[in-house]
4 protein chains.
Amino acid sequence: MSGSTFGNLFRVTTWGESHGKALGAVIDGCPAGLPLTEADIQSYLDRRRPGQSSITTSRRESDQVEILSGVFEGRTTGTPISLTVPNTSQISRDYSEIAQCYRPGHADYGYDAKYGIRDYRGGGRSSGRETVGRVAAGAVACKILKELGIELCTYTRAIGPVEIDFSRFDPQAIRETRTGMPDRQADEAAVALLKEAMERLDSVGGVMECVVTHMPPGIGDPVFDKLDGNLARAIMSIGAVKAVEIGDGCQAARHFGSENNDPFCMEDGHIVKTSNHAGGILGGISDGSPILIRAHVKPTPSIFSPQQTVTAGGQETEIRIKGRHDPIIVPRALVVMECMTALTLVDALMANMPARLDSLRTFYEK
Amino acid sequence: MSGSTFGNLFRVTTWGESHGKALGAVIDGCPAGLPLTEADIQSYLDRRRPGQSSITTSRRESDQVEILSGVFEGRTTGTPISLTVPNTSQISRDYSEIAQCYRPGHADYGYDAKYGIRDYRGGGRSSGRETVGRVAAGAVACKILKELGIELCTYTRAIGPVEIDFSRFDPQAIRETRTGMPDRQADEAAVALLKEAMERLDSVGGVMECVVTHMPPGIGDPVFDKLDGNLARAIMSIGAVKAVEIGDGCQAARHFGSENNDPFCMEDGHIVKTSNHAGGILGGISDGSPILIRAHVKPTPSIFSPQQTVTAGGQETEIRIKGRHDPIIVPRALVVMECMTALTLVDALMANMPARLDSLRTFYEK
Amino acid sequence: MSGSTFGNLFRVTTWGESHGKALGAVIDGCPAGLPLTEADIQSYLDRRRPGQSSITTSRRESDQVEILSGVFEGRTTGTPISLTVPNTSQISRDYSEIAQCYRPGHADYGYDAKYGIRDYRGGGRSSGRETVGRVAAGAVACKILKELGIELCTYTRAIGPVEIDFSRFDPQAIRETRTGMPDRQADEAAVALLKEAMERLDSVGGVMECVVTHMPPGIGDPVFDKLDGNLARAIMSIGAVKAVEIGDGCQAARHFGSENNDPFCMEDGHIVKTSNHAGGILGGISDGSPILIRAHVKPTPSIFSPQQTVTAGGQETEIRIKGRHDPIIVPRALVVMECMTALTLVDALMANMPARLDSLRTFYEK
Amino acid sequence: MSGSTFGNLFRVTTWGESHGKALGAVIDGCPAGLPLTEADIQSYLDRRRPGQSSITTSRRESDQVEILSGVFEGRTTGTPISLTVPNTSQISRDYSEIAQCYRPGHADYGYDAKYGIRDYRGGGRSSGRETVGRVAAGAVACKILKELGIELCTYTRAIGPVEIDFSRFDPQAIRETRTGMPDRQADEAAVALLKEAMERLDSVGGVMECVVTHMPPGIGDPVFDKLDGNLARAIMSIGAVKAVEIGDGCQAARHFGSENNDPFCMEDGHIVKTSNHAGGILGGISDGSPILIRAHVKPTPSIFSPQQTVTAGGQETEIRIKGRHDPIIVPRALVVMECMTALTLVDALMANMPARLDSLRTFYEK
């Protein structure tokens with residue numbers, strides 16, 4: 001069914017398979033007047049590109065984006081923005097094995113059960129390459145947020161058992177380390193762990209965190225379009241994410257109310273909270289504190305050691321996955337998480353505009 | 001804006017405030033021919049009713065549902081089903097305090113920031129009473145799932161640090177214990193913890209789990225309407241939920257791929273998995289294994305000890321919350337989680353029907 | 001399926017059957033801060049009430065509306081507004097005939113073909129009484145438009161072959177004549193025609209027109225949410241409407257381009273058109289001129305003369321419809337047309353707010 | 001805002017401007033298993049191509065479609081189908097005039113009022129070229145309808161005052177005449193009229209009709225997603241359409257009930273109607289008779305005679321439109337009407353599948 005559209009007002013439709021001709025996205029509802037060039041988008045695509053270090057796949061995906069519509073003389077016009085990224089480096093090879101049997105940890109079986117047909121080349125639509133469309137569109141959402149003074153920072157919080165130490169938090173390290181960890185010591189430990197896993201033909205999971213600062217209060221629409229609910233859906237829809245937390249998340253369940261409640265106080269004439277266990281969202285509405293979202297990512301399901309599985313015809317068999325696969329998903333998924341967050345926020349900010357009659361009246365009196 | 005509608009095909013719109021005249025829901029798109037009486041719905045509402053034990057509020061909420069449309073001669077007709085639950089026991093009292101200042105851990109400030117006006121009586125729309133509409137509608141979804149042979153079981157997995165021991169799992173205990181824990185020993189320990197917290201004018205958090213069995217494979221719509229993504233949104237939209245996990249959830253991030261992947265095998269001619277780390281969903285599509293969803297719930301924000309806060313006018317002050325409040329949200333929220341899960345699943349099952357041309361052809365050849 | 005919701009941002013869900021317990025609507029997304037009482041809505045419901053003259057049915061439908069949620073201290077709060085209208089005067093009688101056979105010109109057969117079950121009492125959901133929900137919700141939309149200075153005027157343009165003469169256009173006559181014609185001479189001729197038809201146990205069709213003034217330019221969202229497209233859907237969804245025209249409508253097809261194009265000119269510093277063949281909408285976007293919409297309404301299908309039909313079981317038979325039915329739909333449908341127009345316009349005005357980055361920026365700099 | 005998506009389950013998003021790099025559409029929710037090649041789509045695009053006769057523009061638009069995703073080994077996979085049509089023959093010329101002033105009868109002013117920026121080259125998104133995306137997607141919908149045995153026939157019913165004579169109805173003539181009229185005599189008269197108008201630098205309007213046969217009864221979702229309402233929106237959203245009729249349409253308003261009601265009778269064991277004034281839709285639900293839709297199209301607004309207008313800066317001026325423009329829109333719009341009808345029907349057929357519990361139960365018992 002039609003699950004490839006995200007958002008109500010800032011609405012993104014993505015398309016494309018791992019080994020098809022191209023991948024892309026159409027953004028409908030982008031406000032007119034935003035300066036936009038391919039370079040704005042390219043920098044985000046570059047952040048999800050593989051082949052950038054010893055711990056990512058050696059596949060080369062140049063992933064050059066082209067804007068086909070919706071921009072005129074360097075500015076968005078309010079009409080749909082069509083973005084395409086040609087698939088240039090997909091290697092033609094023998095897919096007979098994954099064509100006929102189901103890879104553990106992958107969506108192969110589900111797609112067959114649902115559709116009765118499956119583009120098995122590289123996983124088709126269920127491949128991680130699907131996120132190219134999300135990132136291309138999300139880059140535009142990020143640019144809008146920047147125009148509004150809202151900032152996003154996404155980093156690796158843990159790889160396997162290796163967690164960052166916030167006392168060593170180094171924002172510059174996010175883009176400079178191979179793991180996206182803002183802690184160079186943790187990064188080194190994580191890289192060692194990853195190399196060891198690769199040698200064992202295995203893979204590793206991890207945790208990503210996105211922090212949104214300068215978000216205005218009052219955003220999010222109770223009761224089913226709560227900001228945290230919509231963020232949870234957005235982030236959980238990224239392949240391999242198995243848990244989403246807001247603020248203290250799972251820990252909140254172990255706290256007493258007196259610990260978990262964040263007192264309000266005044267600061268420079270503004271209402272703020274003295275702590276942020278809530279992660280910037282109360283009752284589904286932003287409260288002006290930083291929004292904190294955490295995603296737990298399973299290890300890459302494509303591992304090279306032999307695995308037990310079945311064929312589409314119902315025969316038990318053993319599969320050995322070939323090809324080039326990252327031993328961990330997290331570092332390249334950081335930008336995907338940031339983009340999905342941005343898409344959710346822009347949509348919520350737009351949806352909030354007619355929340356008060358006064359706003360409508362002011363708007364149309366102009 | 002308009003966030004009170006859930007679902008695309010089985011579409012539920014809820015309405016009502018804590019101290020308004022009534023609460024309710026309209027179900028649009030319920031399949032015709034379902035036998036339905038008020039008793040079917042009442043039994044679910046009774047599960048969320050307070051005043052049932054020493055660890056819930058002594059408020060009496062009779063919460064009698066009435067069906068106003070969409071049912072004829074005991075069966076649904078396919079037209080909208082309007083359900084209302086009158087508010088009968090709201091005590092008129094002095095709300096001047098919460099009218100003027102913001103309760104920590106509550107949505108008061110967010111509502112004011114968003115709408116500039118707020119029905120402060122009992123928290124208005126942001127009250128837990130809002131879930132009356134979810135449960136009334138969810139009961140109908142649960143009945144449809146039963147007709148399809150799909151079963152849901154929801155229980156308390158932890159209260160504060162007290163976790164259930166799966167070796168003592170006793171399904172009957174879920175409805176019989178005050179905590180909803182399927183482990184009578186854990187229940188006793190949890191009740192002791194709760195009583196102690198109540199004495200300290202404090203509250204406690206906890207963890208709920210919902211298990212769905214006999215779910216057919218192939219349900220869920222990539223890439224943004226993935227079943228896990230939509231479940232995450234549904235569950236996170238329940239007030240006080242701060243984290244959602246699917247299957248192994250957070251733990252998956254600490255596993256190696258070789259541990260986390262579930263091998264496929266054959267059983268009685270069907271494709272099954274030998275383990276279920278995935279929690280019944282791969283690539284956003286159900287895989288036929290039980291679906292496992294876990295929700296982490298913060299402690300009740302309404303605590304009776306004094307708290308620091310600010311007034312709407314920007315004055316720092318101290319608030320002492322009055323009234324009757326549960327020391328823990330989890331036991332009464334179990335049925336809400338079950339209902340939100342059911343609403344998500346029914347919608348996904350319906351959306352899946354036209355996924356194949358063959359299905360359309362067979363359907364319209366009849 | 002779920003077709004009972006109208007609008008994206010100002011979203012209305014209606015429910016109820018002709019002979020059920022009540023009818024109603026839930027408005028989700030109404031801006032906060034609108035002064036609203038039941039009297040605001042009642043005056044619109046009164047306009048669609050029958051039993052008001054010799055040419056409408058003698059049925060008494062008191063149709064008293066009650067607001068159950070979403071309004072606090074006389075103002076909307078931004079939360080869903082639930083409106084109910086109890087069914088008080090439905091006469092219990094023998095429906096065995098229409099239970100078993102299909103009335104020509106009615107939806108009976110379609111409902112059976114679709115749902116396999118049908119609430120046959122008074123036509124159930126397909127009755128004209130369904131519009132009670134539309135009018136209750138539309139009254140709120142009309143109030144918002146008034147706050148923005150936008151005015152709607154809806155009148156009867158023709159009844160059978162009797163058309164109004166614009167040279168005698170008398171706006172006061174709309175509410176004072178039995179037909180809703182703004183021309184007392186035409187009204188008299190129409191009433192004579194209707195009486196004659198009633199004597200022959202027959203019914204008559206007619207034409208309604210709605211004129212919207214002071215609509216700002218720039219409203220409507222190309223290419224599928226064009227303002228004229230959405231108005232056409234809204235108006236065509238009123239039972240018995242068989243054609244919708246915008247501006248010159250059908251006549252435009254017979255004109256040359258040089259006649260049909262409206263030249264632009266300046267007036268008091270504003271861009272206006274020297275004529276309005278377009279009916280206020282160009283390319284799906286309002287152009288600042290009055291919006292002109294015309295609806296052609298078929299004669300009441302419930303006529304008292306015997307008609308040929310079939311039973312649900314497939315037997316040919318003759319049906320004689322009993323009960324109380326208007327000989328013409330138009331006069332009571334005027335307010336329905338006005339309300340559907342208002343719902344469409346409010347939704348479009350809200351959707352337009354984030355069309356420019358500048359608007360977003362100004363809004364969130366506040 | 002985001003108005004470029006059509007449909008709920010079979011969901012089409014179009015994009016592209018007249019003089020951009022390309023135009024296209026993404027189809028999301030196409031059932032899996034449909035045989036599909038570019039040739040299937042190309043034949044529909046060829047029907048809207050200009051330059052095919054003396055009465056269409058001499059512009060050459062080769063309009064070659066490419067499928068970029070969603071099809072594997074000749075069949076649809078259920079994933080989004082991305083279709084692109086490069087813009088190859090847009091002539092670079094001086095647009096300074098239409099850049100600065102508003103063409104009468106066009107959307108230029110509306111776009112500026114809405115977005116504050118406008119791609120003026122060839123009308124940008126408001127150009128008739130926008131329909132390339134509709135036709136590309138609609139061709140796929142048409143193919144699905146064919147698989148279900150549903151047929152569409154669209155023809156020119158009138159050009160200016162020249163109407164076809166149904167006694168001479170010749171279906172073959174639709175594709176063979178320059179006007180799309182199924183009456184060779186009327187075609188000749190119409191061509192003479194058009195040539196005369198061209199000499200006078202003027203343009204002509206006309207009427208299109210689409211007839212759908214073998215539509216199953218029971219399709220359409222009351223009360224706001226009625227089949228006729230959704231068709232009206234779909235057809236009215238085609239640029240230049242100013243009126244839409246269903247069945248007898250406007251004429252129904254002049255008939256008595258006894259004339260307009262269609263009696264039911266039995267034929268070969270099926271329920272049918274002895275006449276079809278209703279045009280195949282009663283109460284918003286298909287009744288099994290042919291669906292009849294009529295669209296009234298204004299004359300081409302781009303005429304070559306001088307016209308009075310204003311500049312964006314508010315100066316009155318005279319404009320002389322240059323370029324190549326059809327003297328009539330109808331012949332090339334026939335396929336657009338057919339495609340919009342098909343898109344509406346496929347979506348309604350899919351939405352109808354879960355209307356009965358029995359259908360759900362049968363589907364999931366498989």
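## A few points about the overall build of chain A
Alright, step 1. Scanning chain A from terminus to terminus reveals ten helices and 18 strands.
Alright, step 2. A globule of 366 residues ought to have a C-alpha radius of gyration of about 21 Å, and chain A, at 22 Å, matches this closely.
Alright, step 3. With 366 residues in all, chain A has 69% of them scored as buried.
Alright, step 4. Of the contacts formed within chain A by residues at least 6 apart in sequence, a portion of 67% connects residues at least 24 apart.
Alright, step 5. As displayed, chain A has an accessible area near 11,400 Å², and 48% of this comes from carbon and sulfur atoms.
Alright, step 6. In chain A, 39 positive and 45 negative side-chain charges are present, and the distance between their average locations comes to 5 Å.

## Digging into the pairing of strand β12 (residues 264–267) of chain D
All names here are of chain D.
Alright, step 1. The pairing of β12 with strand β13 (residues 270–273) spans four bridges and is antiparallel. Note on β13: the bridge partner recorded for Phe264 is Lys273.
Alright, step 2. Between the antiparallel neighbours β12 and β13 lie two residues, among them Asp268 with a positive phi of about 55 degrees.

## Thoughts on the pairing of strand β17 (residues 307–310) of chain A
Residue and element names in this part refer to chain A.
Alright, step 1. In terms of strand pairing, β17 meets strand β18 (residues 316–319) through four bridges, oriented antiparallel. Within the sheet, the bridge partner assigned to Gln308 lies in β18 and is Glu318.
Alright, step 2. Where β17 hands over to β18, the hairpin turn is made up of five residues, of which Gly314 adopts a positive phi near 95 degrees.

## What to know about the relation of the copies chain B and chain A
Alright, step 1. Of the transformation superimposing chain B on chain A, the axial component is 0.0 Å and the angular component is 180 degrees, with the fit at an RMSD of 0.0 Å. This pairing of chains is accounted for by a two-fold axis. The rotation axis passes nearest to the C-alpha of Arg233(B) in chain B, at a distance of 2.4 Å.

## Side note on the interface of chain B and chain A
Alright, step 1. Chain B puts 106 residues into the contact, and the matching count from chain A is 106 residues.
Alright, step 2. Summed over both sides, the interface between chain B and chain A buries roughly 8,300 Å², with carbon and sulfur atoms accounting for 59% of that surface.
Alright, step 3. Remark: the boundary between chain B and chain A carries six salt bridges.
Alright, step 4. Where chain B packs against chain A, one counts 56 residue pairs in polar contact (both at pLDDT 80 or more).
Alright, step 5. It is helix α3 (residues 108–115) of chain B that contributes the most residues to the side of chain B that touches chain A, seven residues altogether.
Alright, step 6. In the side of chain B that touches chain A, the residues fall into 48 nonpolar, 36 polar and 22 charged.

## What about unusual backbone geometry?
Alright, step 1. Backbone torsion omega between Pro222(A) and Val223(A) reads 5 degrees, so that peptide bond is classified as cis.
Alright, step 2. Relative to the assigned elements, Val223(A) resides in the loop between β10 (206–213) and α7 (227–236).
Alright, step 3. Of note in this structure, Glu73(B) is not a glycine but carries a positive phi near 50 degrees.
Alright, step 4. With respect to the element layout, Glu73(B) can be found in the loop between β5 (71–72) and β6 (75–76).

## Describing the sheet that holds strand β2 (residues 11–16) of chain B
All names here are of chain B.
Alright, step 1. Across the sheet, five strands lie side by side as β1-β2-β3-β7-β4; this open sheet has antiparallel pairing. Every interior strand has two partners, whereas the edge strands, β1 (5–6) and β4 (66–67), have only one.
Alright, step 2. Two elements, β4 and strand β7 (residues 81–86), share two bridges in a ladder whose sense is antiparallel. The residue bridging Ile67 from the neighbouring strand is Leu83, located in β7.

## Structural notes on the relation of the copies chain A and chain D
Alright, step 1. Its rotation angle being 180 degrees, the transformation that places chain A on chain D also includes 0.0 Å of axial translation and leaves an RMSD of 0.0 Å.
Alright, step 2. When the interface residues of chain A are mapped onto chain D, 100% of them are again interface residues, pointing to one common binding face.

## Quick word on the sheet that holds strand β7 (residues 81–86) of chain A
Residues and elements named next belong to chain A.
Alright, step 1. As summarised here, the arrangement of the five strands in space is β1-β2-β3-β7-β4, forming an open sheet in which the pairing is antiparallel. The open sheet has two free edges, formed respectively by β1 (5–6) and β4 (66–67), since each of these has just one partner strand.
Alright, step 2. The pairing of strand β2 (residues 11–16) with strand β3 (residues 22–28) spans six bridges and is classified as antiparallel. The residue bridging Trp15 from the neighbouring strand is Gly24, located in β3.
Alright, step 3. Relative to β3, helix α4 (residues 131–147) is tilted by about 35 degrees, and along the sheet it contacts β2, β3 and β7.

## Details of the confidence of the model for chain A
Alright, step 1. Scored by pLDDT, chain A has a mean of 95; 96% of the residues are at 70 or more.
Alright, step 2. The ipTM assigned to the predicted complex is 0.97, against a pTM of 0.98.

## Side note on the interface of chain A and chain D
Alright, step 1. Contact residues are listed per partner, giving 45 residues for chain A and 45 residues for chain D.
Alright, step 2. A salt bridge links Glu66(D) to Lys21(A); the nearest nitrogen and oxygen atoms lie 3.2 Å apart.
Alright, step 3. The tally of links from chain A across to chain D stands at 16 residue pairs in polar contact (both at pLDDT 80 or more).
Alright, step 4. Contributions of two or more residues to the side of chain A that touches chain D are made by β2, β3, β4, β6 (75–76), β7 and α3 (108–115) of chain A.
Alright, step 5. With five residues, the top contributor of residues to the side of chain A that touches chain D is β2(A).
Alright, step 6. Looking at side-chain class alone, the side of chain A that touches chain D contains 15 nonpolar, 18 polar and twelve charged residues.

## Observations regarding the nonpolar core
Alright, step 1. Phe10(A), Phe10(B), Phe10(C) and Phe10(D) are the most contacted members of the largest nonpolar core, which has 366 residues in total.
Alright, step 2. Discounting chain neighbours no more than four positions away, the residues touching Phe10(C) are Ile27(C), Asp28(C), Gly29(C), Cys30(C), Pro31(C), Val140(C), Ala141(C), Ile144(C), Leu343(C), Val346(C), Asp347(C) and Met350(C).

## Section: the environment of Asp326(C)
All names here are of chain C.
Alright, step 1. By secondary structure assignment, the location of Asp326 is in the loop between β18 (316–319) and α9 (330–351).
Alright, step 2. What makes Asp326 buried here is its relative accessible area of 9%.
Alright, step 3. Asp326 sits 280 residues away from Asp46 along the chain, and the two C-alpha atoms are 16 Å apart.

## What to know about the side chain of Asp225(B)
Alright, step 1. Looking at where Asp225(B) falls in the secondary structure, it is placed in the loop between β10 (206–213) and α7 (227–236).
Alright, step 2. A residue is classified by how much of its surface remains accessible, and Asp225(B), at 16% relative accessible area, is buried.
Alright, step 3. Not counting chain neighbours up to four residues away, the residues in contact with Asp225(B) comprise Ser2(A), Gly3(A), Arg233(A), Gly220(B) and Asn230(B).

## Details of empty space enclosed by the protein
Residue and element names in this part refer to chain C.
Alright, step 1. Taken as a whole and assessed by the stated rule, the structure comprises 13 cavities of 30 Å³ or more.
Alright, step 2. Considered as a void within the structure, the second largest cavity measures approximately 90 Å³ in volume.
Alright, step 3. Around the second largest cavity, the lining comprises 14 residues; the ones closest to its centre are Tyr111, Arg118, Asp119, Gly123 and Arg125.
Alright, step 4. Tallied by class, residues from the lining of the second largest cavity come to four nonpolar, five polar and five charged.

## Some words on the packing of aromatic side chains
Alright, step 1. In this structure the tally under the stated criterion is 40 aromatic pairs over all chains.
Alright, step 2. For the pair Phe264(C) and Tyr102(D), a centre-to-centre distance of 6.3 Å together with 65 degrees between the ring planes defines the contact as edge-to-face. In this pair, Phe264(C) is assigned in strand β12 (residues 264–267) and Tyr102(D) in the loop between α2 (96–100) and α3 (108–115), connecting two distinct chains.
Alright, step 3. A relative accessible area of 3% means that Tyr102(D) is categorised as buried.
Alright, step 4. Aromatic ring contacts, followed pair by pair, group Tyr102(A), Tyr109(A) and Phe264(B) into a single cluster.
Alright, step 5. Sitting over the ring of Tyr115(A), Lys114(A) keeps its end group 5.7 Å from the ring centre.

## A short note on the side chain of Ser302(D)
Alright, step 1. Residue position: Ser302(D) is located in the loop between β16 (291–297) and β17 (307–310).
Alright, step 2. Here His106(D) takes part through its side chain, which lies 2.8 Å from a polar atom of the side chain of Ser302(D).

## Considering the environment of Ala113(B)
Alright, step 1. Positionally, Ala113(B) belongs in helix α3.
Alright, step 2. Considered as a pair, Ala113(B) and Arg93(B) are 20 residues apart in the sequence and their alpha carbons are 25 Å apart.
Alright, step 3. Not counting the four nearest positions on each side in its chain, Ala113(B) is found in contact with Pro217(A), Gly218(A) and Arg356(A).

Conventions and cut-offs
- Residues numbered from 1 in each chain as written.
- Chains lettered and ligands numbered in written order.
- Predicted model: local features only at pLDDT ≥ 70, side-chain atom pairs only at ≥ 80, totals over all residues.
- Heavy atoms only, no water.
- Helix = DSSP H or I, 4+ residues; strand = E, 2+ residues; numbered from the N terminus.
- Rg over C-alpha atoms; globule rule 2.2 N^0.38 Å.
- Buried < 20%, exposed > 50% of the residue type's maximum accessible area, 1.4 Å probe, protein only.
- Contact = heavy atoms within 4.5 Å.
- Areas by Shrake-Rupley, 256 points an atom, 1.4 Å probe, with all protein chains shown as cover.
- Lys, Arg positive; Asp, Glu negative; His and termini not counted.
- Charge placed at Lys NZ, Arg CZ, Asp CG, Glu CD.
- Pairing = 2+ DSSP bridges.
- Least-squares fit on C-alpha atoms with pLDDT ≥ 70 in both.
- Buried area = accessible area lost by both parts, 1.4 Å probe.
- Salt bridge = Lys/Arg side-chain N within 4 Å of Asp/Glu carboxyl O.
- Polar contact = N/O pair within 3.5 Å; in protein donor to acceptor, adjacent residues only side chain to side chain.
- Nonpolar A, V, L, I, M, F, W, Y, C, P; charged D, E, K, R; others polar.
- Axes fitted to C-alpha atoms, helices over the stretch in contact; angles between N-to-C directions.
- pLDDT = per-residue confidence, 0-100.
- Core = buried A, V, L, I, M, F, W, Y, C linked by side-chain atoms within 4.5 Å.
- 1 Å grid on protein atoms, 1.4 Å probe; cavity = no way out; pocket = protein on both sides within 12 Å on 5 of 7 lines; lining within 4 Å.
- Points joined across faces, edges and corners; volume = space filled by probe spheres on them.
- Phe/Tyr/Trp six-rings, centres within 6.5 Å; stacked < 30°, edge-to-face > 60°.
- Lys NZ or Arg CZ within 6 Å of the ring centre and 35° of its normal.

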